[in-house]
Amino acid sequence: FTFAPRAVFQFDAALYDQSRAGPLASDFRRGSLGDAEEADRARDLGDGTNFRRARIGFAGKAFRDWEYSFLYDFGGSGNEEPGRIVAGWVEYAGFKPFRLRVGAVAPSMANMDDATSANSTLFLERASVSEVVRSIASGDGRMGAVVYANGERWFVSGAVTGNTVGVQTFDEQLAFLGR
């Protein structure tokens, strides 16, 4: 049996050195010309701090063939949800080379950018194309089931996913993914 606590913190801070506002008639940095209200809002570039990711959880192994993971994210800009489950799954690996994972999963189906952990990305965010693909049927915290199999030089997987945990929609989402 193993148990490993997990934590990831990525912190952003911004301080902007801005020039004073110029005349509304000629200062193009301030929004629409002649609109004083928009010009006042456009002046503030939003100094501040933010936890981009504040993830706390655990992972481990039980009875040799069972693995588990739970990860909760408290980060974000504050405009999204107050927190969310990133991962909460149980995996059975007793049918080598196959593994079955069920729960709140993040199937890595889209591309290499999606398969790379947020802890190891070169840039602060993934490419926009990757995020669009992830939002359709994969990405963090999707309810679903995934079957993986791999050898030394091959990998295959298939998944059935639903909505992201905690997200209420008009209708339940259902997707089938394969790689």
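Scroll up for the structure.
As a convention, each chain's residues are numbered from 1 in the sequence order in which they are written. Where totals are concerned, whole chains, interfaces and linings use all residues; where local detail is concerned, this predicted model gives features only for residues with pLDDT of at least 70, and gives and counts side-chain atom pairs only at 80 or more. Side-chain numbers here rest on the full set of heavy atoms in the structure, without hydrogens or water.

Draft legend 1. Layout of the nonpolar core. The nonpolar core is taken to be a set of buried Ala, Val, Leu, Ile, Met, Phe, Trp, Tyr and Cys residues, with the residues joined through side-chain atoms within 4.5 Å. The buried label applies to any residue whose accessible area, calculated with a 1.4 Å probe on protein chains only, is under 20% of its type's maximum; exposed applies above 50%, and partly exposed to all values in between. Leu71, Val86, Ala87, Trp89, Val105, Ala137, Val146, Tyr148, Ala159, Ala175 and Leu177 form the largest nonpolar core, which has 11 residues in total. Secondary structure elements are defined from DSSP: runs of H or I of at least 4 residues count as helices, runs of E of at least 2 residues count as strands, and each element is numbered from the N terminus. Listed by contribution, the elements that provide at least two residues to this core are β4 (84-95), β6 (142-150) and β8 (175-178).

Draft legend 2. Broad picture of the sheet that holds strand β7 (residues 155-164). When DSSP finds at least two bridges between two strands, those strands are taken to pair. The antiparallel open sheet is built from 8 strands, whose spatial order is β1-β2-β3-β4-β5-β6-β7-β8. Lying at the two open borders of the sheet, with one neighbouring strand each, are β1 (2-14) and β8. Between one strand and the next, the sheet's axes are offset by a mean angle of 15°, whatever the strand orientation. Bridging between β7 and β8 involves 4 bridges; their strand directions are antiparallel. The partner of threonine 161 across the bridge, within β8, is alanine 175. It only takes one pair of heavy atoms within 4.5 Å for two residues to be counted as in contact. Each axis is a line fitted through C-alpha atoms, and for a helix only the stretch in contact is used; angles between axes span 0 to 180 degrees, taken between their N-to-C directions. Strands β6, β7 and β8 of the sheet are contacted by helix α3 (residues 128-137), whose axis makes an angle of about 110° with β6.

Draft legend 3. Main features of α3. The set of residues buried in α3 consists of Ser130, Arg134 and Ala137. Projected down its long axis, α3 carries its buried residues within an arc of 90°, all on one side. Away from its buried face, by an angle of more than 90 degrees, α3 presents the exposed residues Ser128, Val129 and Ile136. Of the residues trailing α3, glycine 139 is marked for its positive phi of about 90°. As used here, the arc is the angular range of directions from the helix axis to the C-beta atoms.

Draft legend 4. Quick look at the pattern of salt bridges. When a carboxyl oxygen of Asp or Glu lies within 4 Å of a side-chain nitrogen of Lys or Arg, that pair is called a salt bridge. Applying the stated rule across the entire model yields 4 salt bridges. Measuring nitrogen to oxygen at the nearest pair gives 3.6 Å for the salt bridge that ties glutamate 91 to arginine 99. Relative accessible area serves as the criterion here: at 2%, glutamate 91 is assigned to the buried category. With a relative accessible area of 23%, arginine 99 lands in the partly exposed category. Taken together, the shared-partner salt bridges in this structure form one network comprising Glu91, Arg99 and Arg101.

Draft legend 5. Structural detail: the pairing of strand β5 (residues 98-105). By the bridge criterion, 6 bridges tie β4 to β5 in an arrangement that is antiparallel. Following the sheet pairing, tyrosine 92 is matched in β5 by leucine 100. Counting the residues between successive antiparallel strands, the hairpin from β4 to β5 contains 2 residues. Where β5 and β6 come together, 8 bridges link them in antiparallel fashion. Each bridged residue has a counterpart across the sheet, and for alanine 104 the counterpart in β6 is methionine 143.

Draft legend 6. Just unusual backbone geometry, in detail. Cis geometry marks the peptide bond from lysine 96 to proline 97; its omega dihedral reads 5°. Inspection of the secondary structure puts proline 97 in the loop between β4 and β5. Here the phi dihedral of phenylalanine 63 falls at roughly 50°; this positive angle occurs in a residue that is not glycine. For phenylalanine 63, the location among the structural elements is in the loop between β2 (48-62) and β3 (66-73). With a relative accessible area of 63%, phenylalanine 63 lands in the exposed category.

Draft legend 7. Main features of the side chain of arginine 52. On the secondary structure map, arginine 52 appears in strand β2. Separated by 2.8 Å, the side chains of arginine 52 and aspartate 12 make a polar contact. For arginine 52, the residues in contact, after removing those within four places along its chain, are Gln10, Asp12, Gly75, Gly76, Leu124 and Glu125. Each polar contact in these results corresponds to two N or O atoms within 3.5 Å; when the atoms are within protein, one needs to be able to donate a hydrogen and the other to accept it, and residues that are neighboring in sequence are counted only if both atoms are side-chain atoms.

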